[in-house]
Amino acid sequence: MSELDALILERLTCDARTSFRQIAAEAGRSTDTVINHYDRLVADGVIRGSTVVLDTATIGYEGAAAFNIDAATAEGASPAAIMQTLIGMPNIILATRTVGEHDILALAVIHDIGHYARLGREIAAIPGVRGISSNLWPGGQEICPRYFII
Amino acid sequence: MPGPRLDALDAAILRALQLDARTKYSDIAQAHGVSVDTVIKRFRRLKRTGLARRTTVLLDPRRLGLEIVASLAITADPGAIRDVVEHARGLNGVIFATHTMGQIDALAIAATHTMNEMSALKDTIQRHRGVKDVKASIWADQFLLCPQNFELPPEE
């Protein structure tokens, strides 16, 4: 990764709307060069997208939760299908397959305890889910703002 | 759902920027029949009120050489949990740590260059005073991000 790539990532992590012209001026390079480097970072999958970081407490979330999900081993059960269902569910903000005690980890934002319980039941009801365990934490923290967001 | 109320334009701006923070204000303005200035002022207001903290890019740690991403489930003595979380937050490679309520006492998410580094990181947390156990779950394949799944407050 070049110095210009690093500068682009640094500036866009702080403010994804920073103009390419501004970064170019700071780096002493042309705007076209900055755009080319940015396009390459996107094409290579380094930059996977951009988003607005919302204050979760302000929009009504009291906390967040991690759901550890065990998939059934029966024929026809598919962790990939469970993943697809998860990412379509409101308030699930990240899902990943895991190697360890459980098969899938889903992170969610939670309005209140009742919502936490409901979401747990909805996840448990997804076809192919054999069991879940979960943990809740309070507050409007950002999770790993450099890599992914809560 | 508690929280502040938004009007339809506020919600549309946030939805557009949730999916792509570099969406042109002019595209949002055109889609909703308002001026670019209106969109800019609305988004400034959303930031001023604290509802929108900032915009950012979403990076794939693996493409930056951090090949191993894992969640670390930590159990600890009740009196040590706060210290364990603070300690974990200060460790190189830990990108998130919080105390939790549930089956475990704290959760950390870490990204390292190699499995050996992750193993060493886990051991470091394990050796900290008050820690009873650390179980690592390695994130396999791609992880899927869904920032669009945030529910916004109801529209006015």
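Quick notes on the rules
Residues numbered from 1 in each chain as written. Chains lettered and ligands numbered in written order. Predicted model: local features only at pLDDT ≥ 70, side-chain atom pairs only at ≥ 80, totals over all residues. Helix = DSSP H or I, 4+ residues; strand = E, 2+ residues; numbered from the N terminus. Buried ≥ 20, exposed ≤ 12 C-beta atoms within 10 Å, placed from the backbone. Contact = placed C-beta atoms within 7 Å. Rg over C-alpha atoms; globule rule 2.2 N^0.38 Å. Core = buried A, V, L, I, M, F, W, Y, C linked by C-beta atoms within 7 Å. Domains from an automatic or database assignment. pLDDT = per-residue confidence, 0-100.

Undergrad: I would appreciate a short explanation of the overall build of chain B in the present structure.
TA: Regarding its fold elements, chain B presents 5 helices and 6 strands. When the helices and strands of chain B are read in sequence order from the N terminus, they spell out α-α-α-β-β-α-β-β-β-α-β. The buried share among the 156 residues of chain B stands at 40%. Across chain B, every contact between residues at least 6 apart in sequence was considered, and the portion connecting residues at least 24 apart equals 63%.

Undergrad: What should I look at first to understand the overall build of chain A in this one?
TA: Check the secondary structure of chain A and you find 5 helices and 5 strands. From first element to last, N terminus to C terminus, chain A shows the α and β order α-α-α-β-β-α-β-β-α-β. A globule of 150 residues ought to have a C-alpha radius of gyration of about 15 Å, yet chain A, at 19 Å, is considerably larger. Counting the 150 residues in chain A, one finds 43% classified as buried. For chain A, the share of sequence-separated contacts (at least 6 apart) that also reach a separation of at least 24 residues comes to 60%.

Undergrad: Explain the nonpolar core to me, please; I cannot follow it from the model alone.
TA: Across soluble globular proteins, nonpolar side chains show a tendency to be buried alongside one another. Among the nonpolar cores identified, the biggest contains 82 residues, and Ala106 and Ala108 of chain A together with Leu72, Ile74, Ala106, Ala108 and Ala110 of chain B are the most heavily contacted of them. Excluding residues that lie within four positions of it along the chain, Leu72 of chain B makes contacts with Ala108, Ala110, Lys122, Ile125, Val134 and Ala136 of chain B.

Undergrad: Please clarify how the environment of His99 of chain B should be interpreted in this entry.
TA: Along the chain, His99 of chain B turns up in strand E3 (residues 94-99). Here His99 of chain B is in contact with Trp137 of chain A together with Ile81, Arg82, Val85, Asp105 and Ala106 of chain B, once residues within four sequence places are set aside.

Undergrad: Help me out: how do you make sense of the domain arrangement of chain B in this one?
TA: How big an interface is tends to be stated in terms of accessible area lost as the parts join. Examined at the domain level, chain B breaks down into domain 1 (8-57) and domain 2 (61-138). A C-alpha centroid distance of 36 Å is found between domain 1 of chain B and domain 2 of chain B.

Undergrad: Is there a simple way to explain the domain arrangement of chain A in this structure?
TA: By domain assignment, chain A separates into domain 1 (3-43) and domain 2 (63-138). Between the C-alpha centres of domain 1 of chain A and domain 2 of chain A the distance comes to 37 Å.

Undergrad: Can you help me understand the confidence of the model for chain B in this one?
TA: When pLDDT drops low, the exact placement of atoms in the prediction is not to be read closely. When the pLDDT values of chain B are averaged, the result is 88; 87% of them are 70 or greater. For this predicted complex, the interface confidence comes out at an ipTM of 0.77, alongside a pTM of 0.79.

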